[in-house]
Amino acid sequence: QVQLVESGGGLVQPGGSLKLSCAASGTIGNINDMRWYRQAPGKERELVASITSGGTTKYAEDSVKGRFTISRDNAKNTVYLQMNSLKPEDTAVYYCYALVLTYHWSVYWGQGTQVIVSS
């Protein structure tokens, strides 16, 4: 079994920064895509950013480009999301996603970490 454990969320003032982490553990052969999604109250879950095992990154929304940076440490099976210049509209539960090879390829999700941007 594979578990994704997120950390780093919290309350921050507008303009502040947070760094989210998501560590995968368990019987892992390889991890392909790792992603961050977010879900704001009353809205659907949406993709924020993704990163391949080779380090290729994509940002799904223009609103986060230049402010958020996704990265990963393959040796630690961990993905990060550095969030700078945070805005109230970034308030959401942030979820990590990983495409993991155990005995076959499967998608795993973290439990979510709350980010609140408010003064």
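Parameters and conventions
Residues numbered from 1 in each chain as written. Predicted model: local features only at pLDDT ≥ 70, side-chain atom pairs only at ≥ 80, totals over all residues. Heavy atoms only, no water. Helix = DSSP H or I, 4+ residues; strand = E, 2+ residues; numbered from the N terminus. Rg over C-alpha atoms; globule rule 2.2 N^0.38 Å. Buried < 20%, exposed > 50% of the residue type's maximum accessible area, 1.4 Å probe, protein only. Contact = heavy atoms within 4.5 Å. Lys, Arg positive; Asp, Glu negative; His and termini not counted. Charge placed at Lys NZ, Arg CZ, Asp CG, Glu CD. Pairing = 2+ DSSP bridges. Axes fitted to C-alpha atoms, helices over the stretch in contact; angles between N-to-C directions. Salt bridge = Lys/Arg side-chain N within 4 Å of Asp/Glu carboxyl O. Polar contact = N/O pair within 3.5 Å; in protein donor to acceptor, adjacent residues only side chain to side chain. Phe/Tyr/Trp six-rings, centres within 6.5 Å; stacked < 30°, edge-to-face > 60°.

Peer 1: So what about the overall build of the protein? Which residues, and what values?
Peer 2: Tallying secondary structure elements over the protein gives zero helices and 11 strands in all. Helices and strands in the protein line up, N terminus first, as β-β-β-β-β-β-β-β-β-β-β. For a compact globule of 119 residues, the expected C-alpha radius of gyration is about 14 Å, and the protein comes in at 14 Å, within 12% of that figure. Each principal axis of the C-alpha distribution contributes one length, and for the protein these read about 45 × 25 × 25 Å. For the protein, buried positions account for 41% of its 119 residues. Pairs at least 24 residues apart make up 54% of the contacts formed inside the protein by residues separated by at least 6 positions. Where the 11 positive side-chain charges of the protein centre and where its 9 negative ones centre are 4 Å apart.

Peer 1: Account for the sheet that holds strand 3 (residues 18–26), naming residues and giving values.
Peer 2: Overall, antiparallel pairing links the four strands, which are arranged 1-3-8-7 in an open sheet. Both outer strands of the open sheet, strand 1 (2–7) and strand 7 (68–73), are each paired with one neighbouring strand and no more. Strand-to-strand, the axes of this sheet are offset by a mean angle of 15°, without reference to chain direction.

Peer 1: Please provide a residue-by-residue account of the pattern of salt bridges, values included.
Peer 2: Applying the stated criterion across every chain, the model contains six salt bridges. Note that arginine 38 and glutamate 46 form a salt bridge whose closest N and O atoms lie 3.1 Å from each other. Given the relative accessible area of 5%, arginine 38 is considered buried. Take glutamate 46: its relative accessible area is 34%, and that puts it in the partly exposed class. Aspartate 62 is paired through a salt bridge with lysine 65; the nearest N and O atoms lie 3.2 Å apart. Judged by its relative accessible area of 46%, lysine 65 is partly exposed. What you see here is one network of salt bridges that share partners, running through Arg38, Glu46, Glu61, Arg67 and Asp90.

Peer 1: Summarise the side chain of aspartate 90; cite the residues concerned and give the values.
Peer 2: Within the fold, aspartate 90 resides in the loop between strand 8 (78–83) and strand 9 (92–101). Only 3.0 Å separates the side chain of aspartate 90 from the side chain of arginine 38, close enough to count as a polar contact. If we skip the residues at most four places from it in the chain, aspartate 90 touches Arg38, Arg67, Phe68, Ser85, Val115 and Val117.

Peer 1: So, the packing of aromatic side chains: which residues are in play, and what are the values?
Peer 2: Using the criterion set out here, one finds three aromatic pairs in the structure. Summarising the aromatic geometry, the rings of tyrosine 37 and tyrosine 97 are spaced 5.9 Å apart at their centres and angled 45° between planes, so their arrangement reads as tilted. Of this pair, tyrosine 37 sits in strand 4 (residues 30–39) while tyrosine 97 sits in strand 9, and the two are 60 residues apart along the sequence. By the burial criterion, tyrosine 37 is buried, and tyrosine 97 matches it.

Peer 1: Quick rundown of the environment of glutamine 3? Include the residues and the values.
Peer 2: Structurally, glutamine 3 can be placed in strand 1. Along the backbone, glutamine 3 and tryptophan 109 are 106 residues apart, and their C-alpha atoms lie at a distance of 7.9 Å.

Peer 1: Could you give me a rundown of the environment of lysine 87, with the residues and numbers involved?
Peer 2: Position of lysine 87 relative to the elements: it lies in the loop between strand 8 and strand 9. With 30 residues separating them along the chain, lysine 87 and valine 117 place their C-alpha atoms 6.1 Å apart. Lysine 87 has contacts with Arg67 and Val117, leaving out every residue within four places of it along the chain.

Interpretation note: all reported values are geometric properties and have no functional meaning in isolation.
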